[in-house]
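# Structural overview for review
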Amino acid sequence: MAIETYEFSSPTPRSAARDEWEALMSQTYVPLAVDTHPEAPFYGRVTTGSLTGPDDFSLTALAGSNQAFRRSKGHVARSSDGYLLASIHTKGGACLHQHGRSAPVSGGDMVFYDTTVPYHWTNGSGDWSDSRDFEQVVVQVPISLLRDQPGLEQLELPTAVTVPADSAAGVVAGFFRKLARFQHEAPAEAEVLAGSALGLIGSAVLLAAGERPTDSPAEALSREHVMVYLRKRYIDPELSVDEVAAACHISRRTLFRIFDGGESFNASLRKLRVRHAQSLLISSHSHPSSAVAFGSGFASERHFYRAFHRETGMTPGEYRQSRRSGIC
């Protein structure tokens, strides 16, 4: 998964840097115009990475200030390919205008837009009065690839509709926000996670359109929903399968089924707890193993020892000593 970052800035609104940035935006996404603040400095940064499949199925992290984006009928006419873009806003406020609708986004919200139709991105107020910094994570998927997904063949795409961060489809937005970060921090792991990208974005489109996802992408979405919940609650030793299933609005049977063919539910929970225990063993040298066990979500010290040895090949005491002596 090759990652590339480009950055441009200028103290004046009209400059060679701004023009290069506009050309880069057209190359990264589709032909478009960048409108800049008439007086304020300009800044732009984009980090690109491909997802599984064709090169133009991509994930980008976009940041900038004092600018807006506009794709006109003329721009559309110059493009032969069509894409659905999902923008997940992570900083600042903005508004996407398309099909006569306006969708304001901020704080993790997501919005879809179709590049075969003109669109316009503005800052929160629609003018330059409160122009400010913004950051987005953008998923770009060829519409032809998306149409091959179950349930999406003839679906009217839910463009220019705000998808709140706390909605079911917002779980997918959270996945891509983290995936963009992992592309830098853990590229090998990010490449594995990217294998679920197409199914998850398809599920988000269906949910935003008010449709029920078909089994395959729905299970990918449900699994990520379960993992989000586990990451919040795994240190609770009384966490039960029934609680997780109820919180994620699925049955016990479905919960276990969506982990078939990969790492099991119990293994996923065990790994989360063991990794937490490893951190505690290193950072809290005076804590006895029993305190580490219960602080990591294990119901008993015996269970903790067995799980820890299974995951690391060492006892908790051996692991702590090895870290002290710098063996690993």
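Our subject in this report is the structure included herewith. Everything numeric in this text was worked out from a predicted model, so none of it was measured.

Reading guide: rules and limits
Residues numbered from 1 in each chain as written. Predicted model: local features only at pLDDT ≥ 70, side-chain atom pairs only at ≥ 80, totals over all residues. Heavy atoms only, no water. 1 Å grid on protein atoms, 1.4 Å probe; cavity = no way out; pocket = protein on both sides within 12 Å on 5 of 7 lines; lining within 4 Å. Points joined across faces, edges and corners; volume = space filled by probe spheres on them. Helix = DSSP H or I, 4+ residues; strand = E, 2+ residues; numbered from the N terminus. Nonpolar A, V, L, I, M, F, W, Y, C, P; charged D, E, K, R; others polar. Pairing = 2+ DSSP bridges. Axes fitted to C-alpha atoms, helices over the stretch in contact; angles between N-to-C directions. Contact = heavy atoms within 4.5 Å. Salt bridge = Lys/Arg side-chain N within 4 Å of Asp/Glu carboxyl O. Buried < 20%, exposed > 50% of the residue type's maximum accessible area, 1.4 Å probe, protein only.

This part covers the layout of surface pockets. Counted as a void, the largest pocket has a volume near 880 Å³. For the largest pocket, the lining is made up of 21 residues, of which L193, R223, E224, M227 and R231 are closest to its centre. Mapped by element, the contributors of at least two residues to the lining of the largest pocket are α4 (168-185), α5 (187-193), α7 (215-233) and α10 (265-283). Residue composition of the lining of the largest pocket, by class: ten nonpolar, two polar and nine charged.

Strand order in the open sheet formed by six strands is β1-β3-β4-β11-β6-β9, and the pairing between neighbours is antiparallel. Taken across any chain shown, the strands that pair with only one partner, and hence form the sheet edges, are β1 (3-10) and β9 (110-114). Pairs of neighbouring strands in the sheet enclose a mean axial angle of 20°, with direction left out of account. As paired strands, strand β6 (residues 83-91) and β9 are joined by five bridges and run antiparallel to one another. Its bridge partner lying in β9, L85 is registered against Y113. Running over the sheet, helix α6 (residues 197-208) touches β6, β9 and β11 (133-142) and is turned about 95° from β9.

Moving on to the pattern of salt bridges. In the structure shown here, the tally under the stated rule is eight salt bridges. Close ionic contact of R233 with E243 constitutes a salt bridge, the shortest N to O distance being 2.5 Å. One end of the pair, R233, is in helix α7; the other, E243, is in helix α8 (residues 241-247), and ten residues separate them in sequence. Looking at E243, the relative accessible area reads 23%, which means it is partly exposed. Across the pair R270 and E311 runs a salt bridge, and its minimum N-O distance is 2.8 Å. With R270 in helix α10 and E311 in helix α12 (residues 301-312), the pair connects residues that are 41 residues apart, well separated along the chain. The network of salt bridges with common partners includes R18, D19 and E22.

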